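Remarks on the overall topology
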Amino acid sequence: MTVTVRTLAEWVRGEVLGDGDLPISNARTLAEAQPGDITFVEHEKHLHAWHLSRASAAIVPGNVPVNGRPIIRVGDPLMAFAQVVQQLRGRHPETVPSINPASHIHPTARVAEGVSVGPFAVVGEGAEVGANSTLHSGAVVGRFCKLGNNVTLYPHAIVSDECVLGNRVVIHANAVIGADGFGYRTQQGQHVKVPQLGWVELEDDVEVGACSTIDRGTFGPTRIGMGTKIDNLVMIGHNCQIGKHNVLCSQVGIAGSCTTGDYVVMAGQVGIADHVHIGDRVTILAKSGVSGNVASDSQILGYPARPHKEFARMVWFIDKLPELRKEVSQIAKHLGLENI
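Throughout what follows, the structure given in this document is the object of discussion. (Residues numbered from 1 in each chain as written. Predicted model: local features only at pLDDT ≥ 70, side-chain atom pairs only at ≥ 80, totals over all residues. Heavy atoms only, no water.)

Time to look at the overall build of the protein chain. When helices and strands are counted, the protein chain shows four helices and 39 strands. Taken over C-alpha atoms, the radius of gyration comes to 27 Å for the protein chain, far larger than the 20 Å a tight globule of 340 residues would show. Taken over the C-alpha atoms alone, the protein chain extends approximately 85 × 70 × 30 Å along its principal axes. Going through the 340 residues of the protein chain one by one, you find that 39% of them count as buried. Across the protein chain, contacts joining residues at least 24 apart in sequence account for 17% of those joining residues at least 6 apart. Surface accessibility of the protein chain: about 18300 Å² in total, with carbon and sulfur atoms responsible for 55%. Each charge class in the protein chain can be summarised by its mean position, and for the 28 positive and 32 negative side chains these summaries are 5 Å apart. (Helix = DSSP H or I, 4+ residues; strand = E, 2+ residues; numbered from the N terminus. Rg over C-alpha atoms; globule rule 2.2 N^0.38 Å. Buried < 20%, exposed > 50% of the residue type's maximum accessible area, 1.4 Å probe, protein only. Contact = heavy atoms within 4.5 Å. Areas by Shrake-Rupley, 256 points an atom, 1.4 Å probe, with all protein chains shown as cover. Lys, Arg positive; Asp, Glu negative; His and termini not counted. Charge placed at Lys NZ, Arg CZ, Asp CG, Glu CD.)

What follows is the structure, given as structure tokens:
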């Protein structure tokens, strides 16, 4: 598809500066763009790359100056560029709702209108699947589960018995919702399993990445708040209560019975000990280990995790230790204390 810069601006409701009649045939990033392409500039720090780029035009924020090539000014260049990419490359045709004959839907299950069920997907006894949901091949909805409208389960995603999913929930491939929590008691020298009799609740607009796991509660729910986004390879233990609009990055591990406030961010490989509370709007930086409660509006780092600036000072002092040791040795030698 080839369209003018002006047409692209109409798609994204942007302001054109420069030649609006210039033809554009593709959309690529700054490093890959060629003549005839449009690209995007998200931050001022990318201006140098834009000047070096071979792109014919760019989607930019309002503070980017004209440099001889046409630009489209918008409030959010990244999202506008994504829309342009979808339009220029052609959107995937919408799937016509259908129930594949190789799937298995229990006679007591209730599947609403507009639901698509792929081959070898399973909907268990007494389960409910809301309107316009999609269960891709091999997805499993367990007994007595309740799925809201517009839910998507990608291939081999598993929602175990009695779990509850809100509207517009997305579960990516091979994620497991509602596996047994890791609970044991040692009796007569053996580890005896504590029955895990609870369930998992995912509120509206939650997204769970590939190969992530959320364990069911012991007696009640493990709950994930509205709008929370969970990356691939994340583990959430039983009885956790995760707040609204949290962002949990890859390889985060949260032990059982933890709670978080709203708008918490955990970067990659963060580990949280059991029974810890994380307040609202906390940011936990990558590879941190958290063993105690964290107050709202904190930014923490390290193990044990502590305020970011405090940890940065500690690292600075650690870097100075070899120099300090040398100075102490010199002082000892001067005082005749080398052998002490």
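With that out of the way, let us pick up helix H1 (residues 5-12). If you check which residues of H1 are buried, you get Val5, Leu8, Ala9 and Val12. Mapping the buried residues of H1 onto a view down its axis gives an arc of 100°, with all of them on the same face. In the stretch just after H1, arginine 13 is the one whose phi turns positive, near 55°. (Arc of directions from axis to C-beta.)

What links the strands of a sheet is backbone hydrogen bonding, and the strands pair in either a parallel or an antiparallel sense. Reading across the sheet, the ten strands line up as S8-S11-S14-S17-S20-S25-S28-S31-S34-S37 and stay open at both edges, with parallel pairing between neighbours. Of all strands in the sheet, those bounded by a partner on one side alone are strand S8 (104-105) and strand S37 (289-290). Bridge count between S8 and strand S11 (residues 122-123): two bridges; the pairing is parallel. When the sheet's bridge partners are listed, isoleucine 105 is paired in S11 with valine 123. (Pairing = 2+ DSSP bridges.)

Let's shift gears to the packing of aromatic side chains. Across all of its chains, the model carries two aromatic pairs by this definition. Residues phenylalanine 182 and tyrosine 184 carry aromatic rings whose centres are separated by 5.2 Å and whose planes lie at 70° to one another, so their mutual orientation is edge-to-face. Given the relative accessible area of 69%, phenylalanine 182 is considered exposed. The ring of tryptophan 50 has arginine 69 lying over it, and the distance from NZ or CZ to the ring centre is 3.8 Å. (Phe/Tyr/Trp six-rings, centres within 6.5 Å; stacked < 30°, edge-to-face > 60°. Lys NZ or Arg CZ within 6 Å of the ring centre and 35° of its normal.)

The next point concerns the environment of aspartate 205. Here aspartate 205 lies in the loop between strand S23 (199-202) and strand S24 (207-208). The partly exposed category is assigned to aspartate 205, whose relative accessible area is 26%. Here aspartate 205 is in contact with Asn167, Arg168, Val169, Gly227, Thr228 and Lys229, once residues within four sequence places are set aside.

If you look at the biggest cluster of nonpolar residues, it comprises 48 residues, and the most contacted ones within it are Leu153, Ile171, Leu202, Ile236, Ile254 and Met266. Aside from chain neighbours lying at most four places away, what touches isoleucine 171 is Thr152, Leu153, Tyr154, Ala157, Leu165, Ile177, Leu202 and Val208. If you look at the next biggest cluster of nonpolar residues, it comprises 18 residues, including Val5, Ala9, Ile38 and Val84. (Core = buried A, V, L, I, M, F, W, Y, C linked by side-chain atoms within 4.5 Å.)

Our focus in this paragraph is the packing of H1 against helix H3 (residues 77-89). Here H1 crosses H3 at 120°, and the two axes come no closer than 10 Å. By crossing handedness, the relation of H1 to H3 is classed as right-handed. Residues Leu8, Trp11 and Val12 of H1 lie in contact with H3, whose contacting residues are Ala80, Gln83, Val84, Gln87 and Leu88. Here the residues of the contact of H1 with H3 are counted per class, giving six nonpolar, two polar and no charged. (Axes fitted to C-alpha atoms, helices over the stretch in contact; angles between N-to-C directions. Left-handed = near helix turned anticlockwise from the far one by under 90°. Nonpolar A, V, L, I, M, F, W, Y, C, P; charged D, E, K, R; others polar.)

Another aspect to go through is a nonpolar patch on the surface. On the surface, Ile318, Leu321, Leu324 and Val328 cluster together to form a nonpolar patch covering roughly 370 Å² of accessible area. Summarising the element assignment, valine 328 is placed in helix H4 (residues 308-334). (Patch = residues over 30% accessible without salt bridge, like charges linked within 9 Å, V, L, I, M, F, W, Y side chains within 5 Å. Salt bridge = Lys/Arg side-chain N within 4 Å of Asp/Glu carboxyl O.)

Strand order in the open sheet formed by five strands is S2-S7-S6-S5-S4, with mixed pairing between adjacent strands. The sheet is open, and its two edges are formed by strand S2 (15-17) and strand S4 (26-27), each paired on a single side. Bridge count for S4 against strand S5 (residues 37-40) is two bridges, and the pairing is parallel. The partner of asparagine 26 across the bridge, within S5, is aspartate 37.

Right, let's get into the pattern of salt bridges. The full count for this structure, using the stated rule, is eleven salt bridges. Aspartate 21 is the salt-bridge partner of arginine 6, the closest N and O atoms lying 2.6 Å from each other. Pair noted here: arginine 6 is in helix H1 and aspartate 21 is in the loop between S2 and strand S3 (23-24), with a separation of 15 residues, a long-range link. Residue classification places arginine 6 among the partly exposed residues on the basis of a relative accessible area of 38%. You can call aspartate 21 exposed: its relative accessible area is 52%. Residue arginine 143 is joined to aspartate 161 by a salt bridge in which the shortest nitrogen-to-oxygen separation is 3.5 Å. Highlighted residues: arginine 143 in the loop between strand S14 (140-141) and strand S15 (146-147) and aspartate 161 in the loop between strand S17 (158-159) and strand S18 (164-165), separated in sequence by 18 residues. Accessibility expressed as a relative area gives 36% for arginine 143, which makes it partly exposed. By relative accessible area, aspartate 161 is classed as partly exposed at 28%. Connected via shared salt-bridge partners are Glu125, Arg143 and Asp161.

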